[in-house]
Amino acid sequence: MATRDDRPHVLVVEDEPNIASFARMYLEAAGFRVTLAARGDEGLEAAERERPALVVLDLMLPGLDGFEVTRRLRQGGSMPIIMLTARDDPVDKVVGLELGADDYMTKPFDPRELVARVRAVLRRAEAAQAPVDGAAAPVYELDRLRIEVGPREVYVDADQVALTPKEFDLLATLVENRGLVLTREQLLERVWGYTFLGDSRTIDVHVRQLRRKLGEACPVQTVWGTGYKVPARR
Ligand code: CA
């Protein structure tokens, strides 16, 4: 008799067999159902067919590379993605985050850290999808910028601006704490759900993206040597 499998489903797209099997072993031990794909095109197909809760995606893959898989998955929605990059290639990390990966890890990594990050990303994704009482969800207006927390929409003047889930969370967190300086560590903890081994560059990349997308309407100020803030009054 077939029983329904309620375990959260993680798709691992990785062409290095050792890394793929380690990831599977640790994720399964942590209670996840795991599907493996060794090519980018197969990974994309599996993601579209099976709609996993999260995708762990290597950057350099045969078939389609991780950038292209991310780009195509992003066209179809906001499936959480953790990107795996090779050591010594910070450009790849930055580009991966700019494309909309929710997190990245540099290989080789401790598989226990992968499990922790999968949990953190899923927790954030669930919180973002939880139904919000429309009356209680705040709307922030800062000069030309309007942030609607309920539908997670951002406008500059009348134009909606497309932000990735993490860009939205970062902006909303800073705006909710207007007037306070938040350190990179505090932002990593609140937006990404972890602090250990957190890379402050992640925050800087997302702030840069917010500034690029929102232009002069971006309210985020750099506080040198400390972190970022949105001023209480503008
Ligand atoms: Ca690879």
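Note: the structure precedes this text.
Structural notes, computed from the coordinates. (Residues numbered from 1 in each chain as written. Predicted model: local features only at pLDDT ≥ 70, side-chain atom pairs only at ≥ 80, totals over all residues. Heavy atoms only, no water.)

One pass over the structure, following the stated rule, counts 21 salt bridges. In this structure, glutamate 141 engages arginine 146 in a salt bridge whose closest nitrogen and oxygen atoms are separated by 2.6 Å. Using a relative accessible area of 56% as the deciding quantity, one classes glutamate 141 as exposed. Taking the relative accessible area as the measure of exposure, arginine 146 reaches 28% and is therefore partly exposed. We note a salt bridge from glutamate 167 to lysine 213, for which the minimum N-O separation is 2.7 Å. (Salt bridge = Lys/Arg side-chain N within 4 Å of Asp/Glu carboxyl O. Buried < 20%, exposed > 50% of the residue type's maximum accessible area, 1.4 Å probe, protein only.)

For the peptide bond that leads from lysine 107 to proline 108, omega is -5°, which places it in the cis range. Here proline 108 lies in the loop between β5 (103-107) and α5 (111-129). The backbone of arginine 51 sits at a positive phi, close to 45°, despite the residue not being glycine. In this structure, arginine 51 sits in the loop between α2 (40-50) and β3 (54-58). Overall, the relative accessible area of 47% leaves arginine 51 in the partly exposed class. A positive phi angle is found at aspartate 157, which is not glycine, with a value near 55°. Inspection of the secondary structure assignment puts aspartate 157 in the loop between β8 (153-156) and β9 (159-161). On the basis of relative accessible area, aspartate 157 is assigned to the partly exposed category, the value being 46%. (Helix = DSSP H or I, 4+ residues; strand = E, 2+ residues; numbered from the N terminus.)

The next thing to look at is the packing of α2 against helix α3 (residues 66-75). Close contact between α2 and α3 brings their axes to 10 Å; oriented N to C, the two are set at 20°. Taken together, the axis directions place α2 and α3 in an arrangement best described as roughly parallel. Where α2 crosses over α3, the handedness of that crossing is right-handed. Contact with α2, carried on its side by Gly40, Leu44 and Ala47, involves Val69, Arg72 and Leu73 of α3 and no other residues of that element. (Axes fitted to C-alpha atoms, helices over the stretch in contact; angles between N-to-C directions. Parallel < 35°, antiparallel > 145°, perpendicular 65-115°, else oblique. Left-handed = near helix turned anticlockwise from the far one by under 90°. Contact = heavy atoms within 4.5 Å.)

A separate point is the environment of glutamine 209. Tracing the chain through its elements places glutamine 209 in helix α8 (residues 200-214). Distance from glutamine 209 to glutamate 167, taken between C-alpha atoms, is 7.7 Å for residues 42 residues apart in sequence.

The subject of this paragraph is the packing of helix α6 (residues 165-176) against helix α7 (residues 184-192). Between α6 and α7, the shortest axis-to-axis distance is 10 Å and the interhelical angle comes to 120°. The angle between the axes of α6 and α7 places the two elements in the oblique class. The crossing of α6 and α7 is right-handed. Two secondary-structure elements touch here, α6 through Lys166, Asp169, Leu170, Thr173 and Leu174 and α7 through Leu187, Arg190, Val191 and Trp192.

A word on the coordination of the calcium ion. In this structure, Asp15 (OD), Asp58 (OD) and Met60 (O) serve as the protein donors to the calcium ion, at separations of 2.1 to 2.3 Å. Read in sequence order, the donor residues for the calcium ion give the motif D-x42-D-x1-M. Taken together, the residues aspartate 15 in the loop between β1 (9-13) and α1 (17-29) and methionine 60 in the loop between β3 and α3 connect sequence positions 45 residues apart. For methionine 60, a relative accessible area of 58% gives the class exposed. (Donors = N, O, S within 2.8 Å, 3.2 Å for Na, K, Ca; no water.)

Spatially, the 3 strands line up as an open sheet ordered β10-β12-β11, and their pairing is antiparallel. The sheet is open, and its two edges are formed by β10 (182-183) and β11 (221-223), each paired on a single side. In the sheet, β11 pairs with strand β12 (residues 227-229) via 3 bridges, with the strands oriented antiparallel. Counterpart to valine 223 in the pairing with β12 is glycine 227. Against the sheet, α8 contacts β11 and β12, and its axis sits at roughly 35° relative to β12. (Pairing = 2+ DSSP bridges.)

Don't take any of this as a statement about function, it's just geometry.
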